[in-house]
Amino acid sequence: MPKFDMMPGEIREYTTRSPTRKFWIIAIIIGIAAFIIGILIGKYAACDTSSPPAEVPATPEKDGVFLPGVSDAIIKEADLSVRDLLLKNIDNKNIEKHLKALTEKPHIAGSPEDEDTLVNYIKGFWENAGFDDVQTATYDILLSYPDKDNPNMIELLNENNEIVYQTPIEEDVLTPGKNNTEGIPPFNAYSPKGIVTGQLVYVNYGRVEDYIHLESVGVNVSGCVAIARYGKIFRGSKVDIAQRHGVIGLILYSDPKDYTIPGEGVYPDTWWLPGSGAQRGTIFTGQGDPLTPGYPAIGTAYRYEEDKVEPPLPKIPAHPIGYTEAEQLLVNLTGTNVTEEWQGGINITYKYGPGFINNNWKVRMNISTQNARRNTTNVIGFIKGAVEPDRYVIFGNHRDAWVYGAIDPSSGTAVLMETARVMGSLVKSGKWRPRRTILFCSWGSEEYGLIGSNEWVEEYMKNIKERTLAYLNIDISVDGTNTLRSKTTPLLYNVMYETVKLVENPNATEIAAGRKTVYDTWLLNRPWNINGDIYGKPEMQSMGSGSDYAPILQKAGVTSVDFRYTYDKSLPVVGYPLYHSQYETFYAMKNLIDVDFKYHQAVARIGAELARNLADSLIIPLSASDYAWDLENLRVSLDAEYGSYLRGNISNYDDLKMVIKKFGEEAADFEERLKNVNKNDPLLTRVVNDQLMLLEKSFLDPAGLPSRPLKKHMIMAENKNDHYAASSFPGLVDLLFEIDKLADPSARWDEIRQHFSVILFTIQSAASTLRDVTMFHS
């Protein structure tokens, strides 16, 4: 018998014994018998006509092409009656009920109210709604909290180090039924703890250009505590810029010029920010768990020490206050009067500082905020696709809030839950099942730096990148009632427009004026001004960062959209006034913003129909030609700002226009072939759908952006100096920043030329993915 005994990895050797004569005789007899039996079975089986042959599936035919065995379900177009059911069944009253339940208690990331109460609430609801599966994904991450027993304080000290003024710990209680001991007091997450004392200097919004202005008027900020008003750029960027200029601590406040309108009152009578309102928020400029950059924060993960994190955690303390508190500091400042542009809305004359009218006075920051490891959980619900279950449309919203979060994020959570109810009920009743799989995602710890979504993308990168065709994000569903606002990647422009045209206008006054759909009002209030020209469609904003679409787009290359109903952009405000304060309550939404929840209903209808269309359409409704159009607009914008500069230092700068033109030609050829594709051939439809799905991913580069290797998308990313704002060709803009201040800019120009070549190659490579699959060269 064969011998196989061996050690693992040993070369297999075996020997056999010589067969006996008896063995051979038996083997020959068995072989002859088997041969005879086989002939007999074959003879009688051929004569048996008692059973009909198995039925052959219907054979689709088009243009002479036969496809044996293809089911009608695989090649059928979407049932549009489902669309009508979705739009009809979205219930504004249900959304209101959900928002009330979600905002009963503060639910900061990592708290029992978030991790236990709301996770179980959402998971249970989706299970009952008819989802095929609901899963959770939990990560061990670094979060940050103030010490309630040693509260954060800003103090004004006199010449004897006696406290002249001390900021309150909490915001004022202004609505019945709420008390300020329920939530976390105002703080900036990831601020280092410690005590710093020094002269105070006013730095306007704390942008790069503000420090340039201070230098031009002879104000030295080094060694000072700075006070900056919120707005214009991400708060973490303000801290980063401040510490680069030698500031030792940063006080942030919401100026009434940016968050109120004189004479209109404040919360709780209106939605304008009251004087005690303070904006909480993270000041970490990275994305995801700080200790595990690039990899998921699971049990086996390697974790960096906090002082070795990249991008680094903040080095200087920061703390937010209300404008009532800020007045006590600013009114005592000395120095030159500021310019008109720098003058805020407090009824004082603003001065630069540094220092106080009483020369020996100082400001002291006593910050107790400390970092802590906590769990954060994502809830993932699945409606499995009937035909292409391995292709995903993802619909997501984050769950955690700094306090009650009635606007950010719970207005979005309430919409997500009602959409889930309606879709789940159609599946449960047997009336519908999408062609492709739809995932509903409730992300954890977004407020700390998009952590839940980022860790999930990092853990399941291979699946998400290869299988997901679009991500729909609702961070906030309603922060005003003026019009829709959409941040969108170019592939989704057209389907977004067509979806919004189907949704009834929630504003009766607009309907009476003849604007019957959300699209009509959007076009009126947000016409798209592109490089000085008015485009005949509503504005689509570029995608920077600031919400959960960022890691999904910038790491996995999934085309994305983020949308909401919002306020009139002509208002002289830098954001909705109650942002991240304890006044973001159900009371505020119900009484001051969306009384009947009709605007929430409109946003839910947009999300539901967009998800259905992407999941159900035989050919995915993405537009390659819109990407070409957008690339050219980005090039024109780049050229207007930096063209002469780049042309003088990059010999092949004009190649950018050429490769974008070529991309446009390939996109046009692809869409022409798409018109004639045999939709009865499931293999051909799969091929073109994969080309559409993978196009966004072809703009990823494995090395990432210069100095930002975890940002893989060469076209879509935030500005390095403002994580809320998008940049055209962000890697180039990063490298060009303050290049004139370098003693020897030649090395930087070498980096720019190298990165420019990567951009050219990336666009060329993306264009090649649109060719016929049998072609590599054009």
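Throughout this document, residue positions are counted from 1 along each chain, in the order its sequence is written. Reporting of local features is limited, given that this is a predicted model, to residues whose pLDDT is at least 70; pairs of side-chain atoms are given and counted only at 80 or more, and all residues count toward the totals for whole chains, interfaces and linings. To obtain the side-chain values, all non-hydrogen atoms of the structure were included, while hydrogens and water were left out.

Participant: Explain the overall build of the protein here, please?
Facilitator: Comment: elements are numbered from the N terminus, with helices defined as DSSP H or I runs of at least four residues and strands as E runs of at least two. When you go through the protein residue by residue, the secondary structure sums to 23 helices and 23 strands. Under the scheme applied here, a residue whose accessible area is under 20% of the maximum for its type counts as buried, over 50% as exposed, and between as partly exposed, the area being computed with a 1.4 Å probe on protein chains only. Per-residue burial for the protein yields a buried fraction of 56% across its 778 residues. Only heavy atoms matter for contacts: two residues are in contact if any of them lie within 4.5 Å across the pair. Partitioning the intrachain contacts of the protein with sequence separation of at least 6 by distance along the chain shows that 78% fall at a separation of at least 24. Residue burial considers only the protein chains on display, and all accessible areas are found by Shrake-Rupley using a 1.4 Å probe. In the structure as shown, the protein presents an accessible area of about 33,000 Å², 53% of it carried by carbon and sulfur atoms.

Participant: Please explain the layout of surface pockets as it appears in this structure.
Facilitator: Vacant regions in the atomic arrangement are exposed by a probe of water-molecule size rolled over the atoms. By volume, the second largest pocket amounts to about 1,000 Å³. Taken together, 46 residues form the lining of the second largest pocket, with Glu310, Pro311, Ser707, Arg708 and Lys720 sitting closest to its centre. Of all the elements in the fold, those that place two or more residues in the lining of the second largest pocket are helix H7 (235-244), helix H22 (730-736) and helix H23 (746-768). Among the elements that make up the lining of the second largest pocket, the one with the highest residue count is H7 (six residues). For the lining of the second largest pocket, the per-class residue count stands at 21 nonpolar, ten polar and 15 charged. Cavities and pockets are found on a 1 Å grid laid over the protein atoms alone: a cavity is a set of points where a 1.4 Å probe fits but cannot escape, a pocket is an open set with protein on both sides within 12 Å along at least five of seven lines, and a lining residue has an atom within 4 Å of such a point. Grid points are joined across faces, edges and corners, and a volume is the space filled by probe spheres set on the points. Residue polarity follows a fixed list, in which Ala, Val, Leu, Ile, Met, Phe, Trp, Tyr, Cys and Pro are nonpolar, Asp, Glu, Lys and Arg are charged, and the others, Gly among them, are polar.

Participant: So what exactly am I meant to see when it comes to the side chain of Asp408 here?
Facilitator: Relative to the helices and strands, Asp408 is located in the loop between strand E15 (388-398) and helix H10 (410-428). This count recognises Lys and Arg as positive and Asp and Glu as negative, with His and chain-terminal groups excluded. Salt-bridge detection follows one rule: a side-chain nitrogen of Lys or Arg within 4 Å of a carboxyl oxygen of Asp or Glu. Salt bridges are absent for the buried Asp408, whose nearest opposite-charge side chain, Arg564, sits at 6.9 Å. In the analysis that follows, any N or O atom pair within 3.5 Å is treated as a polar contact, provided that within protein one partner can donate a hydrogen and the other can accept it, and provided that, for residues neighboring in sequence, both atoms belong to side chains. Here His398 takes part through its side chain, which lies 3.1 Å from a polar atom of the side chain of Asp408. One polar contact links Asp408 to His580, side chain to side chain, over a distance of 3.0 Å. Apart from the residues lying within four places of it in its own chain, the contact partners of Asp408 are His398, Ala401, Glu447, Asp475, Ile476, Tyr576, Tyr579, His580 and Glu584.

Participant: Would you mind going over the packing of helix H20 (residues 655-675) against helix H21 (residues 682-695) with me for this structure?
Facilitator: The packing of two helices is summarised by the inter-axis angle and the distance between the axes. Simply put, an axis is a line fit to the C-alpha atoms, just over the touching stretch for a helix, and the angle between two N-to-C directions goes from 0 to 180 degrees. The contact between H20 and H21 brings their axes to 11 Å, and the two run at 150°. In terms of their interaxial angle, H20 and H21 are classed as roughly antiparallel. At the point where H20 passes H21, the crossing takes the left-handed sense. Where H20 abuts H21, its residues Phe663, Phe670, Arg673 and Leu674 lie against Val688, Gln691, Leu692 and Leu695. For the contact of H20 with H21, a count of residues per class yields six nonpolar, one polar and one charged. Convention used here: angles under 35 degrees read as roughly parallel, angles over 145 as roughly antiparallel, angles from 65 to 115 as roughly perpendicular, and any remaining angle as oblique. Definitions for this section: a left-handed crossing has its near helix turned counterclockwise from the far helix by less than a right angle. A right-handed crossing has that turn clockwise.

Participant: I'm lost on H10 in this one. Help?
Facilitator: An α-helical turn contains 3.6 residues, so a residue and the one three or four places further along point in the same direction. Given a helix with a known number of residues, its expected span is that number minus one, times 1.5 Å. With 19 residues, H10 should cover 27 Å at 1.5 Å per step; its first-to-last C-alpha distance of 26 Å lies within 8% of that length. The buried fraction of H10 is high, at 16 of 19 residues. Just past H10, the residue Gly430 takes up positive phi, approximately 85°.

Participant: Quick question: what am I supposed to make of the packing of H10 against helix H18 (residues 598-616) here?
Facilitator: Look at H10 against H18: their axes get within 9 Å of each other, and the N-to-C directions meet at 50°. Considering their axes alone, H10 and H18 lie oblique with respect to each other. Of the two possible hands of crossing, H10 and H18 adopt the one that is right-handed. Facing H10, whose interface residues are Ser411, Val415, Thr419 and Met423, H18 presents His600, Val603, Ala604, Ala608, Ala611 and Arg612. Among the residues making up the contact of H10 with H18, the classes are represented as six nonpolar, three polar and one charged.

Participant: Where do I start with the environment of Asp91 in this structure?
Facilitator: Turning to its location among the elements, Asp91 is positioned in the loop between helix H3 (80-89) and helix H4 (92-102). Judged by relative accessible area, which is 27%, Asp91 ranks as partly exposed.

Participant: In this structure, what is going on with the pairing of strand E20 (residues 533-538)? I would like to understand it.
Facilitator: Note on pairing: two strands pair once DSSP finds at least 2 bridges between them. As judged from the four bridges shared by strand E19 (residues 527-530) and E20, these two strands associate in the antiparallel manner. Bridge assignment links Asn529 to a residue of E20, and that residue is Ile534.

Participant: Just to check I follow, could you spell out the sheet that holds strand E9 (residues 225-229) for this structure?
Facilitator: Hydrogen bonding along the main chain pairs the strands of a sheet, whether they run parallel or antiparallel. Judged by pairing direction, the sheet is parallel, and its four strands sit side by side in the order E8-E9-E10-E12 without closing on themselves. Each edge of the sheet is formed by a strand with only one pairing partner; in this case those strands are strand E8 (200-202) and strand E12 (318-321). If you compare each strand with its neighbour and ignore which way they point, the axes differ by 25° on average.

Participant: What exactly am I supposed to notice about the packing of aromatic side chains here?
Facilitator: Here the distance between the centres and the angle between the planes together describe a pair of aromatic rings. Only Phe, Tyr and Trp rings take part, Trp by its six-membered ring, and two of them pair if their centres are within 6.5 Å. Stacked means planes under 30 degrees apart, edge-to-face means over 60, and tilted covers everything else. Under the counting rule described, the total for this entry stands at 36 aromatic pairs. Through a chain of ring-to-ring contacts, three or more aromatic side chains come together here, namely Tyr145, Phe187, Tyr190, Phe284, Trp402 and Tyr448.

Participant: Any chance you could explain the environment of Lys569 here in plain terms?
Facilitator: Inspection of the secondary structure assignment puts Lys569 in the loop between strand E21 (560-566) and helix H17 (586-593). Each C-alpha atom of the pair Lys569 and Thr483 lies 9.4 Å from the other, and the pair is 86 residues apart in sequence. In this view, Lys569 contacts Asn525, Arg526 and Glu539; residues no more than four positions away in its chain are not counted.

Participant: Looking at this structure, I do not really get the side chain of Glu584. What am I missing?
Facilitator: Mapped onto the secondary structure, Glu584 falls in the loop between E21 and H17. Put simply, Glu584 is tucked away with no salt bridge, and the nearest opposite charge, on Arg280, sits 8.4 Å away. Here the side chain of Glu584 touches Asp408 through a polar contact of 2.7 Å, landing on its backbone nitrogen. Not counting the four nearest positions on each side in its chain, Glu584 is found in contact with Tyr404, Gly405, Ala406, Ile407, Asp408, Tyr576, Leu578 and Tyr579.

Participant: What is the right way to read the nonpolar core from this model?
Facilitator: In globular proteins that are soluble, nonpolar side chains generally tend to be buried together. We call a set of buried residues a nonpolar core when its members are Ala, Val, Leu, Ile, Met, Phe, Trp, Tyr or Cys and they connect through side-chain atoms within 4.5 Å of each other. In terms of nonpolar packing, the biggest core is built from 163 residues, with Tyr448 and Phe663 touching the most fellow members. Sort the elements by how many residues they give to this core and H18 lands first, with ten residues. Residues in contact with Tyr448, not counting those within four places in the same chain, are Ile108, Ala109, Leu143, Ser144, Tyr145, Phe187, Ala189, Tyr190, Thr282, Phe284 and Trp402. If you look at the next biggest cluster of nonpolar residues, it comprises 54 residues, including Ile154, Val247, Ile346 and Phe356.

Participant: Explain the sheet that holds strand E17 (residues 468-473) to me, please; I cannot follow it from the model alone.
Facilitator: Taken in spatial order, the seven strands line up as E3-E14-E16-E15-E17-E21-E18 in an open sheet, and their pairing is mixed. Every other strand in the sheet has two partners, leaving strand E3 (133-145) and strand E18 (483-488) as the edge strands with one partner each. Across this sheet, the average inter-strand angle for adjacent strands is 20°, counted without regard to direction. Strand contacts of H18: E15, strand E16 (436-443), E17, E18 and E21, with the helix running at about 160° to E21, the strand carrying the most contacts.

Participant: Mind showing me how you'd approach the pattern of salt bridges here?
Facilitator: Two side chains that carry opposite charge are able to pair once their charged atoms sit near each other. Under the definition given, this model contains 44 salt bridges. Between Asp140 and Arg373 there is a salt bridge, with its nearest N and O atoms 2.8 Å apart. Highlighted residues: Asp140 in strand E3 and Arg373 in strand E14 (residues 370-383), separated in sequence by 233 residues. What makes Asp140 partly exposed here is its relative accessible area of 25%. Here Arg373 falls in the partly exposed class, since its relative accessible area comes to 42%. Measuring nitrogen to oxygen at the nearest pair gives 2.8 Å for the salt bridge that ties Glu666 to Arg771.

Participant: What is the right way to read H7 from this model?
Facilitator: With seven of ten residues buried, H7 lies mostly within the body of the structure. Residues Arg235, Gly236, Ser237, Lys238, Val239, Ile241 and Ala242 constitute the buried set of H7. A positive backbone phi angle near 90° is found at Gly246, which sits one or two residues after H7.

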